[in-house]
Amino acid sequence: MSLKLKIRLSVFLLLLLLLGLGGYAFFTINYLEHGAHGIEQADFNLARTTVLAFLAAGTAVGVTMMVRLPRIVVRPLRRLSADVDKVAGPGPATRVAVGRRDEVGTIAAAVNRVLSQAQDERRATLAELFTERNRMDSLVRSLDEGLLLLDEQRTIVLANPVACDLLGLRPSDLLGQPAETVAAGSELLRELLVPLAEANLAGDAVPDPVFTFPHKGDSPHYQLSISPIETLDHANKRTPAGHILCLRNVSDFKKLDEVKSTFLATISHELKTPLASIKLSLMLLQNPRTSDAERQTLATGIGEETQRLLNMVGQLIEVSRLDAGAGIKLNVQPVRLAEVIGYATQTVQPQLQDKAIQLDVQVPDTLPTAHGDVEKTTWVLINLLSNAIRYSPAAAPLVIRAMQWGEMVRVSVEDQGPGIPAEFHKRIFQRFAGVPGQGGHGSSGLGLSISREFIDAQGGRLWVESQPEMGSRFLFTLPVA
């Protein structure tokens, strides 16, 4: 039974008693006024008893309603309020009890529906938060940069695997620990905290420091940048919330600086040597005691040194054009590789004679015509031959082979030089790169890089096959015409 019906029945019963009492009094008074000549004692007693009965019944009903009716209304509301408090608290309760099918039960059912919807939304929100947390955790873990997150009390709250590896500490040794406490037993972390104490933050005029980690093999270089973290309080004011220490691997940039320095030293030596030779030859030419034959020899030497300078400057110009995005202009046409090989070997003939290199050219008569640029292909082959002669010992054999290779034509240059370790097979085709321990031959480190770009632009491929102490074989392919 609903509360509304209970209240209505209680009020109706009280009203019915009041109406009965009033009606009885009304009829009694009317009877006395219209014909009653005298009242018997029995009638008087009956009337008094009836009135008292109505009054007692009305009083009892009124008192009962005064006591029970608020309890009937308030008790389920209190029970509902207690159940809601339990649901809102930290306990395991997730629903309110639905008692009788009255208004309070309807409210409880509605509250349960709201709680069910809130729980569904909470589950969805928790799932989204869990997914985002996993995504951020995967992102932080997959970074190749070391990350350390310190809160406003300088407690370490995050350390990704790279940072732990660089510091040589386990995550359990870092997370939740004050940075100063961990730094007391870690010299590396102590050095990282020095820029933070000096307020050397990212974006200021002070350069970010670079640290090396000797225990990491090749002593990689990592640049430290420190960024402050700010949060918004209840008044939308920015308050400090800690710092992020980021260690970025700059080893490649350091190596590039070293390579460029080596390149500048090499190119300076390469320019100085022919210029000094040309200057000496000119002084001898101006000497009146120099004979005509000697003058001819000196002129030939000047021409060779000049051509060497022109080749070097041409490489630099070609690199500048490629870096500027000018691209490679090709004059593609059918190419007879036998003629290209003949012109290239004729160009390097003085170098071959100077070191008494034994050249062996193997070009079959049935070699098909290639599809490419004659000038660029000849340049590549001359560069490969010059490198092979430079690194070959005196009187060593040098082999040039050309053959059909499927739908391509393949040309190879094999020497008996010191060879190239497998870990440097890709690096030698980068600009300004070289093989450690073989940098004393005066190479600028540009020829192979330019050669590969020339071959790639023609639809071919250039690579090396080599082992230490077993010579090298450089190969390139061109499409069959």
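Our subject is the structure that appears above.
Now for a look at the structure at hand. (Residues numbered from 1 in each chain as written. Predicted model: local features only at pLDDT ≥ 70, side-chain atom pairs only at ≥ 80, totals over all residues. Heavy atoms only, no water.)

1. What about the packing of helix α10 (residues 337-347) against helix α12 (residues 374-391)?
Point 1. At a minimum axis distance of 9 Å, the contact between α10 and α12 shows a crossing angle of 45°. Here α12 runs oblique to α10, going by the angle between their axes. For the crossing formed where α10 meets α12, the hand is right-handed. The residues of α12 that touch α10, namely those facing Leu337, Val340, Ile341, Tyr343, Ala344, Thr345 and Thr347, are Val374, Thr377, Thr378, Leu381, Ile382 and Leu385. (Axes fitted to C-alpha atoms, helices over the stretch in contact; angles between N-to-C directions. Helix = DSSP H or I, 4+ residues; strand = E, 2+ residues; numbered from the N terminus. Parallel < 35°, antiparallel > 145°, perpendicular 65-115°, else oblique. Left-handed = near helix turned anticlockwise from the far one by under 90°. Contact = heavy atoms within 4.5 Å.)

2. Here's the deal with the packing of aromatic side chains
Point 1. Applying the stated criterion across every chain yields a total of 4 aromatic pairs.
Point 2. Aromatic pair Trp379 and Phe454: ring centres 5.5 Å apart, planes at 80°, arrangement edge-to-face. Of this pair, Trp379 sits in helix α12 while Phe454 sits in helix α13 (residues 447-457), placing them 75 residues apart in sequence.
Point 3. The ring of Phe454 carries Lys376 above its face, with NZ or CZ at 5.5 Å from the centroid.
Point 4. Between the NZ or CZ atom of Arg452 and the centre of the ring of Phe429, over which it lies, the distance is 3.9 Å. (Phe/Tyr/Trp six-rings, centres within 6.5 Å; stacked < 30°, edge-to-face > 60°. Lys NZ or Arg CZ within 6 Å of the ring centre and 35° of its normal.)

3. Some details on the pattern of salt bridges
Point 1. By the definition in use, this model includes 9 salt bridges.
Point 2. With its nearest N and O atoms 2.6 Å apart, the salt bridge here joins Glu132 to Arg135. Of this pair, Glu132 and Arg135 both sit in helix α3 (residues 103-142), 3 residues apart, roughly one helical turn.
Point 3. For Arg473, the salt bridge goes to Glu414, with nearest N and O atoms at 3.8 Å. In this pair, Arg473 sits in strand β12 (residues 472-479) while Glu414 sits in strand β10 (residues 408-414), placing the two residues 59 residues apart along the sequence.
Point 4. A relative accessible area of 24% places Arg473 in the partly exposed class.
Point 5. Looking at Glu414, the relative accessible area reads 19%, which means it is buried. (Salt bridge = Lys/Arg side-chain N within 4 Å of Asp/Glu carboxyl O. Buried < 20%, exposed > 50% of the residue type's maximum accessible area, 1.4 Å probe, protein only.)

4. Comments concerning a positive patch on the surface
Point 1. Taken together, the side chains of Arg68, Arg71, Arg75 and Arg79 define a basic patch exposed on the protein surface.
Point 2. By the element assignment, Arg71 lies in helix α2 (residues 41-88). (Patch = residues over 30% accessible without salt bridge, like charges linked within 9 Å, V, L, I, M, F, W, Y side chains within 5 Å. Areas by Shrake-Rupley, 256 points an atom, 1.4 Å probe, with all protein chains shown as cover. Lys, Arg positive; Asp, Glu negative; His and termini not counted. Charge placed at Lys NZ, Arg CZ, Asp CG, Glu CD.)

5. Quick notes on the sheet that holds strand β1 (residues 146-150)
Point 1. Taken in spatial order, the 5 strands of this open sheet run β2-β1-β5-β4-β3, and their pairing is antiparallel. Of all strands in the sheet, those with a lone pairing partner are β2 (156-159) and β3 (210-212), marking the two edges. In this sheet, adjacent strand axes meet at a mean angle of 25° when their direction is disregarded. (Pairing = 2+ DSSP bridges.)

6. As for the nonpolar core
Point 1. Judged by nonpolar contacts, the single largest core of 38 residues is most densely connected at Leu381, Ile428 and Phe476.
Point 2. Those elements giving two or more residues to this core turn out to be α10, α12, β9 (397-405), β10, α13, β11 (461-466) and β12.
Point 3. Sorting elements by how many residues they give to this core places α12 first, with 7 residues.
Point 4. What Leu381 contacts, discounting residues up to four positions off in sequence, is Val340, Ile341, Ala344, Val411, Val413 and Phe476.
Point 5. Counting 24 residues, the second largest nonpolar core, distinct from the first, contains Val162, Val182, Phe211 and Leu245. (Core = buried A, V, L, I, M, F, W, Y, C linked by side-chain atoms within 4.5 Å.)

7. Considering the side chain of Ser472
Point 1. Within the secondary structure layout, Ser472 lies in strand β12.
Point 2. On the accessibility criterion, Ser472 (7% relative accessible area) is buried.
Point 3. Among the polar contacts made by the side chain of Ser472, one reaches the side chain of Ser466 at a distance of 2.8 Å.
Point 4. Among residues more than four places away in sequence, those in contact with Ser472 are Val413, Glu414, Asp415, Gly419, Ile420, Glu465 and Ser466. (Polar contact = N/O pair within 3.5 Å; in protein donor to acceptor, adjacent residues only side chain to side chain.)

8. Let's talk about the sheet that holds strand β7 (residues 358-362)
Point 1. Read across the sheet, 5 strands follow the order β7-β9-β10-β12-β11 without closing on themselves; strand pairing throughout is mixed. Bordering the open sheet on either side are β7 and β11, each of which pairs with just one other strand. Going across the sheet, the axis of each strand differs from the next one's by a mean of 15°, ignoring polarity.
Point 2. Across 7 bridges, β10 lies against β12 in antiparallel orientation. Residue pairing in the sheet places Ser412 in a bridge with Leu475 of β12.
Point 3. On top of the sheet, α13 reaches β11 and β12; it is set at about 130° to β11, its chief contact.

9. Quick word on α13
Point 1. Listed as buried for α13 are Gly447, Leu448, Ser449, Ile450, Ser451, Phe454 and Ile455.
Point 2. Note on α13: the residue one or two positions beyond its end, Gly459, has a positive phi of about 85°.

10. Observations regarding the pairing of strand β4 (residues 221-232)
For a regular strand, side-chain orientation follows a simple rule: the groups alternate between the two sheet faces.
Point 1. Bridging between β3 and β4 involves 3 bridges; their strand directions are antiparallel. Bridge pairing in β4 places Phe211 opposite Tyr222.

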